[in-house]
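Residue strings, one per chain:
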Amino acid sequence: MENREKHCPFCGSNNILPFEDENSYKKDHTFLVIMLSALILIGSYFIFVISSYLYFPAVIIILIIISTTILNKKEKGRGKKIKKRKKEDYICIDCNSTFKL
């Protein structure tokens, strides 16, 4: 087998890393997402508590059905997550240049 190391085309160094564009993360709505998820979680908890007191057997059967379908989907989708790598941007640490491999 051939030993293919990645080298910088400008200076020939092998001290390179994948380049991450920091400008692509400008639209972070973290506070809004956290507040909405907390409210949805608290609301669904209260709905679960009230409905479990009123309709206990139905709630248990529905939870069993939902959990088994989620687990079945995860088991079926485990082998499908292999993705082909695209040409990525890399940055050379020594000469500070970006390039594609």
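What counts as what
Residues numbered from 1 in each chain as written. Predicted model: local features only at pLDDT ≥ 70, side-chain atom pairs only at ≥ 80, totals over all residues. Heavy atoms only, no water. Helix = DSSP H or I, 4+ residues; strand = E, 2+ residues; numbered from the N terminus. Buried < 20%, exposed > 50% of the residue type's maximum accessible area, 1.4 Å probe, protein only. Contact = heavy atoms within 4.5 Å. Areas by Shrake-Rupley, 256 points an atom, 1.4 Å probe, with all protein chains shown as cover. Patch = residues over 30% accessible without salt bridge, like charges linked within 9 Å, V, L, I, M, F, W, Y side chains within 5 Å. Salt bridge = Lys/Arg side-chain N within 4 Å of Asp/Glu carboxyl O. Core = buried A, V, L, I, M, F, W, Y, C linked by side-chain atoms within 4.5 Å. Pairing = 2+ DSSP bridges. Axes fitted to C-alpha atoms, helices over the stretch in contact; angles between N-to-C directions. Expected span 1.5 Å × (residues − 1). Parallel < 35°, antiparallel > 145°, perpendicular 65-115°, else oblique. Nonpolar A, V, L, I, M, F, W, Y, C, P; charged D, E, K, R; others polar.

A.B. asks: Would you mind going over the overall build of the protein chain with me for this structure?
C.D. replies: Counting secondary structure elements, the protein chain contains 2 helices and 3 strands. For the protein chain, the α and β elements follow one another from N to C terminus as β-α-α-β-β. Burial statistics for the protein chain: of 101 residues in total, 10% are counted as buried. Residue pairs at least 24 apart in sequence account for 58% of intrachain contacts in the protein chain once pairs closer than 6 positions are excluded. When the accessible surface of the protein chain is split by element, carbon and sulfur atoms take 64% of a total near 9800 Å².

A.B. asks: I would appreciate a short explanation of a nonpolar patch on the surface in the present structure.
C.D. replies: A cluster of nonpolar side chains, Ile42, Tyr45, Phe46, Phe48, Ile50, Tyr53, Leu54, Tyr55, Phe56, Ile60, Leu63 and Ile64, forms an exposed patch at the surface whose accessible area comes to about 1300 Å². For the nonpolar patch, the secondary-structure elements that each account for two or more residues are helix H1 (30-54) and helix H2 (56-76). Looking at the nonpolar patch, the element that brings in the most residues is H1, giving 7 residues. Considering the arrangement of structural elements, one finds Leu54 in helix H1.

A.B. asks: Can you help me understand the nonpolar core in this one?
C.D. replies: The tendency in soluble globular proteins is for nonpolar side chains to be buried as a group. By size, the foremost hydrophobic cluster in this structure holds 5 residues: Cys8, Ile16, Tyr90, Cys92 and Phe99. Once residues lying within four places of it in the same chain are set aside, the contact partners of Ile16 are Lys6, His7, Cys8, Tyr90, Ile91, Cys92, Phe99 and Leu101.

A.B. asks: When you look at the sheet that holds strand E3 (residues 98-100) in this model, what are you seeing that I'm missing?
C.D. replies: Strand pairing in a sheet relies on backbone hydrogen bonds, with the paired strands running either antiparallel or parallel. If you trace the 3 strands from one edge of the open sheet to the other, you get E1-E2-E3, paired in antiparallel fashion. Every other strand in the sheet has two partners, leaving strand E1 (16-18) and E3 as the edge strands with one partner each. Taken over all neighbouring pairs, the strand axes of this sheet differ in orientation by 35 degrees on average, direction set aside. Where strand E2 (residues 89-92) meets E3, 3 bridges bridge the pair, whose relative direction is antiparallel. Considered in E3, the bridge of Ile91 is made with Thr98.

A.B. asks: Got a minute to help me understand H1 in this structure?
C.D. replies: Helical geometry note: an α-helix holds 3.6 residues per turn, so side chains three or four residues apart project in the same direction. Under the 1.5 Å per step criterion, the end-to-end length of H1 is 36 Å for 25 residues, consistent within 8% with the ideal 36 Å. Of all 25 residues in H1, 1 are buried; the element is thus mostly exposed.

A.B. asks: How do you make sense of the packing of H1 against H2 when you look at a structure like this?
C.D. replies: Direction vectors running N to C along H1 and H2 enclose 125 degrees, while the axes themselves pass 5 Å from each other. In terms of orientation, H1 and H2 fall into the oblique class. Between H1 and H2, the residues in contact are Phe48, Ser51, Ser52 and Leu54 and Phe56, Val59 and Leu63, respectively. Residues that form the contact of H1 with H2 fall into these classes: 5 nonpolar, 2 polar and no charged.

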